[in-house]
Amino acid sequence: MLSVEVLTLFPRMIAAPIEESLLGKARKTGLVSVQVTDIRDFAAGKHRVTDDVPYGGGAGMVMKPEPLVAAIEAARARLPGAHVVLLSPQGRRFDQPLAQKLLEREKLVLVCGRYEGVDERVLNFVDEEISLGDFVLSGGEFAALALIDAVARLVPGVMGNDLSAQVESFKEGLLEGPHYTRPPEFRGLKVPEVLLSGDHQRIARWRQEQALLRTRERRPDLLKKA
Ligand code: 9D3
């Protein structure tokens, strides 16, 4: 079981994709639960303001600490012992080992920032900052969705996630080789003969070789790690 609560100013950005994806099914079977909370519900005053101008001046707005921290505390109360993650371009780079680690936490609170950033003091109320990579998003929502997808598909029983999917020891961390389906010839492009041979040992060797070739060609950094 994986329980996730997402804190965001744009709850509809999270709700619809979650319902459409493989997670929709996993939620119905009770393997994954995703709850979405509108940070604005924790903002004070008639206008429920969540951002303000930066001290010291500068362009853009900063997310105010009070609504954000109130939302985090409410989520921690609903999910005791939860691991609280701020999606932030300054965080630790997300990767597959980190997805596995987050799965082991079982309860996650994902905080999505907006505007130019969040008030620095909010960092005292989160456990970890995670980034998707070195590119600029307009907020944490798409990053939270990607993280949820990557973690939820590791939950045993979600999609075809049996043991064989988890234990793919060698192939893990390499790119896969090419895939083909019918027809055997498409616009003059033939499926490699070996795949039609029925010789499963030869096929397995060919796939391993293709995976290595492709990884060396496109992602030599992955070979160094493996
Ligand atoms: C214009 C302000 N930026 C200077 C280049 C800083 C900035 C603040 C806030 C950049 C992006 C964001 C919003 N991004 C996220 O909240 C975010 C993010 C990302 O931008 N890239 C990769 N991973 C992530 S996780 C959250």
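See the structure shown above.
On a predicted model such as this, the values are computed, not experimentally measured, just so you know.

Calculation notes
- Residues numbered from 1 in each chain as written.
- Predicted model: local features only at pLDDT ≥ 70, side-chain atom pairs only at ≥ 80, totals over all residues.
- Heavy atoms only, no water.
- Near = heavy atom within 4 Å.
- Polar contact = N/O pair within 3.5 Å; in protein donor to acceptor, adjacent residues only side chain to side chain.
- 1 Å grid on protein atoms, 1.4 Å probe; cavity = no way out; pocket = protein on both sides within 12 Å on 5 of 7 lines; lining within 4 Å.
- Sits in = over half its atoms within 2 Å of the grid points.
- Helix = DSSP H or I, 4+ residues; strand = E, 2+ residues; numbered from the N terminus.
- Nonpolar A, V, L, I, M, F, W, Y, C, P; charged D, E, K, R; others polar.
- Contact = heavy atoms within 4.5 Å.
- Buried < 20%, exposed > 50% of the residue type's maximum accessible area, 1.4 Å probe, protein only.
- Pairing = 2+ DSSP bridges.
- Core = buried A, V, L, I, M, F, W, Y, C linked by side-chain atoms within 4.5 Å.
- Axes fitted to C-alpha atoms, helices over the stretch in contact; angles between N-to-C directions.
- Parallel < 35°, antiparallel > 145°, perpendicular 65-115°, else oblique.
- Points joined across faces, edges and corners; volume = space filled by probe spheres on them.

1. Description of the site of the ligand
Among the 16 residues in the neighbourhood of the ligand, the closest are listed as Glu116, Leu132, Gly133, Phe135 and Leu137. In this structure, Leu132 approaches the ligand through a main-chain N or O atom, which is 2.9 Å from a nitrogen atom. Gly140 is positioned such that a nitrogen or oxygen atom in its backbone is 3.4 Å from an oxygen atom of the ligand. In this structure the site holding the ligand corresponds to the second largest pocket. Elements that contribute at least two residues to the shell around the ligand include exactly β5 (83-93) and β7 (128-131). The dominant element in the shell around the ligand, judged by the number of residues it contributes, is β5, at 3 residues. Here the residues of the shell around the ligand sort into 9 nonpolar, 6 polar and 1 charged.

2. Things to note about the side chain of Ser88
Within the element layout of this structure, Ser88 appears in strand β5. One polar contact links the side chain of Ser88 to the main-chain amide nitrogen of Gln90, over a distance of 2.9 Å. Once residues lying within four places of it in the same chain are set aside, the contact partners of Ser88 are Glu129, Ile130 and Ser131.

3. Things to note about the pairing of strand β1 (residues 2-8)
Along a regular strand, successive side chains alternate from one face of the sheet to the other. Within β1, 7 of the 7 residues are buried, leaving the element largely enclosed by the surrounding structure. Going residue by residue along β1, you find Leu2, Val4, Val6 and Thr8 tucked away on one face and Ser3, Glu5 and Leu7 tucked away on the opposite face as well. Of the pairings in the sheet, the one linking β1 to strand β6 (residues 107-112) comprises 5 bridges and is parallel in character. Within β6, the position partnered with Ser3 by the bridge is Lys107.

4. Observations regarding the nonpolar core
Soluble globular proteins tend to pack their nonpolar side chains together in the buried interior. One finds Val32, Phe94, Leu102 and Leu110 to be the most contacted residues of the largest nonpolar core, which totals 31 residues. Looking at this core, the elements that each hand over two or more residues are β1, α1 (11-20), α2 (22-28), β2 (32-38), β5, α4 (96-105), β6 and α5 (141-152). If one sorts the elements of this core by residue count, α5 sits on top with 8 residues. When neighbours within four sequence positions are excluded, Leu110 is seen to be in contact with Val4, Glu5, Val6, Leu7, Val85, Leu87, Ala144, Leu147 and Ile148. Counting residues in hydrophobic clusters, the runner-up holds 18 residues, among them Met63, Leu68, Val69 and Ala82.

5. Considerations on the packing of α4 against α5
Contact geometry for α4 and α5: axes closest at 9 Å, N-to-C directions at 75°. For the element pair α4 / α5, the angle class is roughly perpendicular. Here Ala99, Leu102 and Leu103 of α4 come into contact with α5, specifically with Leu147, Ala150 and Val151. Residues belonging to the contact of α4 with α5 are distributed by class as follows: 6 nonpolar, no polar and no charged.

6. Considering the layout of surface pockets
Estimated volume of the second largest pocket: approximately 560 Å³. Lining the second largest pocket are 25 residues; nearest its centre among them are Leu87, Ser88, Pro89, Glu116 and Gly117. Among the secondary structure elements, those contributing two or more residues to the lining of the second largest pocket are β5 and β7. When residues in the lining of the second largest pocket are grouped by element, the largest group, 5 residues, is from β5. Partitioning the lining of the second largest pocket into residue classes produces 12 nonpolar, 9 polar and 4 charged.

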